[in-house]
Amino acid sequence: NNVIGVEEVLSAATKNAGTSRRFIRLNPRFSAEETLDVLKAEAGVEPIPVSWLDQRLGFYSIPGNFSVHKSRAYIDGRIYGMDVSSGAAVAALDLLPAH
């Protein structure tokens, strides 16, 4: 089971753009399974869940050279290009869905 932890995030920051990782958040208005299938087809790799964030937040890691803003998933509104630090802030505040 592939997951991205804090150590992987930090080490990815020191690698070149071809092997670094970027983060996206799934739009909860779409089927997560379908969105992940679209991303897998576009990126050619399986998006990896960010293990240290609640999976309900929908944060995933994808290759750093993947062009999010040109992807069909982004254009269709299935994903947001979002830094993982935003998810960490939400997790730290322990916000509920109604917030």
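Anything mentioned here points back to the structure above.
Please read these numbers as outputs of a predicted model, since none were measured by experiment.

Thresholds, definitions, all that
Residues numbered from 1 in each chain as written. Predicted model: local features only at pLDDT ≥ 70, side-chain atom pairs only at ≥ 80, totals over all residues. Heavy atoms only, no water. Buried < 20%, exposed > 50% of the residue type's maximum accessible area, 1.4 Å probe, protein only. Helix = DSSP H or I, 4+ residues; strand = E, 2+ residues; numbered from the N terminus. Pairing = 2+ DSSP bridges. Contact = heavy atoms within 4.5 Å. Axes fitted to C-alpha atoms, helices over the stretch in contact; angles between N-to-C directions.

A. Quick peek at the pairing of strand β3 (residues 59-63). Summarising burial for β3: five of the five residues are buried, a large majority. Note that strand β1 (residues 21-26) and β3 share five bridges and pair antiparallel. Each residue of the ladder has a partner; that of I24, found in β3, is Y60.

B. Representation of the sheet that holds strand β2 (residues 48-49) in the model. Strand order in this open sheet of four strands is β2-β3-β1-β4, and the pairing throughout is antiparallel. Edge positions in the open sheet fall to β2 and β4 (79-81), since each of these has one partner strand only. Pairing of β1 with β4, which is carried by three bridges, proceeds in the antiparallel orientation. Bridge assignment links R25 to a residue of β4, and that residue is Y80. Running over the sheet, helix α2 (residues 32-43) touches β1, β3 and β4 and is turned about 150° from β1.

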